[in-house]
Amino acid sequence: MSKPNPFEVAQQQLESCAKILNLEPGVHDFLRHPMREFHVSIPVHMDDGSIRIFQGYRVQYNDALGPCKGGIRFHPEETIDTIRALAAWMTWKTSLLGLPLGGGKGGVICNPKELSGGELERLSRGYMSQIWQWVGPGKDVPAPDVYTTPQIMAWMMDEYSKLSGENAFGCITGKPICVGGSCGRDDATARGGMYTLREASKVLGMNLKNATVAIQGFGNAGSHAARLGRDLFACKIVAVSDSQGGIYSDQGLDVNSLFSVKAKTGTVINYPNGRKISNEELLELNVDILIVSALENVITEENADRIKAKIILELANGPTTPKADEILFKNGVHVIPDFLCNAGGVTVSYFEMVQNITRFCWSIEEVYQRLDERMTQAYRSVLEASKNYGIDMRQAAYTVAVARVVEAMKLRGWV
Ligand code: GLU
C-alpha cells in the first residue's frame, strides 16, 4: 500500500478541526496552504572536484503569532509536500505551547551519511546563503531536525553572520552552547515528551515504575527517551529500533549498552542480549508505552488495530494517519499527538532565542522547570478540550492551536 501524502494528511486533520470550530470557509482555506515558500538550487563543490546541485526548500506556513519557527531536514527522500506538512504542524505546535512564534520548515534532498565533513559544511553554508534574506530573528528562525546537528546549525549561523555583517546568534537555534546554544536543548524533545507521559500516566492511573516501553527510532529523540524513561521514571525499555531493525528483550535492555553499540557499530541491532525484531513487529508488541520517534506514516489503518500499547508517545512528526487515529481512539489507546508530545524541542529553542536576545544564559534547572510548566499546561489544555468536545487528543490539540492562530489573524486584520 502506498504511503499517504503527509501534506494531504495535515490538510485532512485541519478539515476535521475546521468543522469542530465551525471555521469560516475563507479562513479555513487560508490555513490549508503555506503563506510563502522558497525553492532553491544549491551548487556544492564535491571532494572529487565535481559540482553537484542539491535541491532545498524553506516553507513559511503561517506567521500570525510571530516569526516562523521550525527545523531543517537533510534527507534523501525529502519532498516539498513533506516540508509543507511539517511547516503546518510547526504552526500548530508553537501555537499550542503558547509561544510567540509561527510555523515553518526547511529541507534539503541529500543523504548526509554519504557526504564528507567538508561537503556537509559547504552544503549547509550553501543552503543558508540561498535563504538568508528570508530568514532571521524577526522573520523565520530555523533549527535542527532529521539528520541535522548542532554543528550544522553553527555553520549556518556563521554563514548568516558573515552575510549580514553581525554576530547573529539569534538567526537559528539548536546551536552548540558556546556559540549561543541553550542548556537542555539536546534532549529537550524527549524530555518534553516525558513530562506529557507523566501527566498521561496520572490520568490513566498507570504506574510508570517498571512500565514496559518500546521505542521505534534511536536518533536524537528516541535515544534520549530511552535514557530519560529509565532515569526519570524507572520504566523498563524492552525494545528499540533504528532504520536497520530492532531488538527486544522482555528482561529489559541496558540503555547504556545500547548507546555504546549504536556508537560503535552504527545500529542498535548489534546489541548482544536480545532477540532481533523488525520495525513492524516492534510497533505491535505487548507493551504499556509505545514511543514512535522515527518518520511519518508508521501507524496506519493496516496495523492500528494490532497495537497493544495503552499510551502512544509521538516524538516523531506525523507518525499516525487519520484512519489509524480513528481506530486507536475506538480502541481506547491514549495518543499524545506529535505537535504536543514533541514540542519540547521548539520550546527550548524559544528559550534559546530569548537568551540570545537578552544575552543572558539560563541554568539547566531553569530550562527544565520552564519546559515542564509549558508542557504540563499544554497537555492539560488538550485533555480538557478532548473531554469537552468528546474528541481524540489530536483533534483536541488542533482545536486549541488553530483557535489561537485564527484569533491572531483576526486581530491583525488578515481575515
Ligand atoms: N525540528 C523540531 C520540531 O519539529 C524543533 C524545531 C525548532 O526547534 O524550531 O519541533
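Because the structure is predicted, anything quoted here is derived from the model rather than measured. (Residues numbered from 1 in each chain as written. Predicted model: local features only at pLDDT ≥ 70, side-chain atom pairs only at ≥ 80, totals over all residues. Heavy atoms only, no water.)

Now for helix α8 (residues 255–265). Along α8, the residues classified as buried are Val 255, Leu 258 and Val 261. Down the axis of α8, the buried side of the element spans an arc of 120 degrees, and every buried residue falls inside it. Across α8 from its buried face, at more than 90 degrees, point the exposed residues Asn 256, Ala 263 and Lys 264. Turning to α8, the residues buried within the fold contact α7 (220–233), β7 (236–242) and β8 (245–248). At the exit of α8 stands Gly 266, carrying a positive phi of roughly 85 degrees. (Buried < 20%, exposed > 50% of the residue type's maximum accessible area, 1.4 Å probe, protein only. Helix = DSSP H or I, 4+ residues; strand = E, 2+ residues; numbered from the N terminus. Arc of directions from axis to C-beta. Contact = heavy atoms within 4.5 Å.)

Okay, the site of the ligand next. With respect to spatial proximity, 14 residues lie near the ligand, and among them Lys 69, Lys 93, Pro 144, Asp 145 and Ser 349 are the closest. For the ligand, an oxygen atom lies 2.7 Å from a polar atom in the side chain of Lys 93. At a separation of 2.9 Å, a nitrogen atom of the ligand approaches a polar backbone atom of Pro 144. For the ligand, the accessible surface in isolation is 290 Å², of which the surrounding protein chains cover 94%. Broken down by secondary-structure element, the contributors of at least two residues to the shell around the ligand are β3 (68–75), α3 (80–96), β5 (140–144) and α12 (344–358). (Near = heavy atom within 4 Å. Polar contact = N/O pair within 3.5 Å; in protein donor to acceptor, adjacent residues only side chain to side chain. Areas by Shrake-Rupley, 256 points an atom, 1.4 Å probe, with all protein chains shown as cover.)

Turning our eyes to something else, we now look at the environment of Val 59. Along the chain, the position of Val 59 falls in strand β2 (residues 51–62). The sequence separation of Val 59 and Asp 29 amounts to 30 residues, and the corresponding C-alpha distance is 17 Å. The contact partners of Val 59, leaving out residues within four places of it in the chain, are Pro 34, Arg 36, Glu 37, Ile 80, Ile 83, Arg 84, Ala 87, Gly 103, Gly 104 and Lys 105.

Our next topic: the sheet that holds β7. Across a sheet, strands are paired by hydrogen bonds formed along the backbone, either parallel or antiparallel in direction. If you walk across this open sheet you meet the seven strands as β9-β8-β7-β6-β10-β11-β12, and the pairing is mixed. Each having just a single partner strand, β9 (275–277) and β12 (334–336) make up the two edges of the open sheet. Neighbour-to-neighbour, the strand axes of this sheet turn through a mean angle of 20 degrees, independent of strand direction. Alignment of strand β10 (residues 289–292) against strand β11 (residues 311–314), held across four bridges, turns out to be parallel. Residue pairing in the sheet places Val 292 in a bridge with Glu 314 of β11. (Pairing = 2+ DSSP bridges. Axes fitted to C-alpha atoms, helices over the stretch in contact; angles between N-to-C directions.)

Turning to unusual backbone geometry, a few remarks are in order. Its identity is not glycine, yet Tyr 147 carries a phi of approximately 60 degrees, on the positive side. As for its placement among the helices and strands, Tyr 147 is situated in the loop between β5 and α5 (150–164). Phi at Asn 210 takes a positive value of approximately 65 degrees, unusual for a residue other than glycine. With respect to the helices and strands, Asn 210 occurs in the loop between α6 (188–204) and β6 (212–216).

Such coordinate-based values are descriptive only and should not be taken to indicate function.
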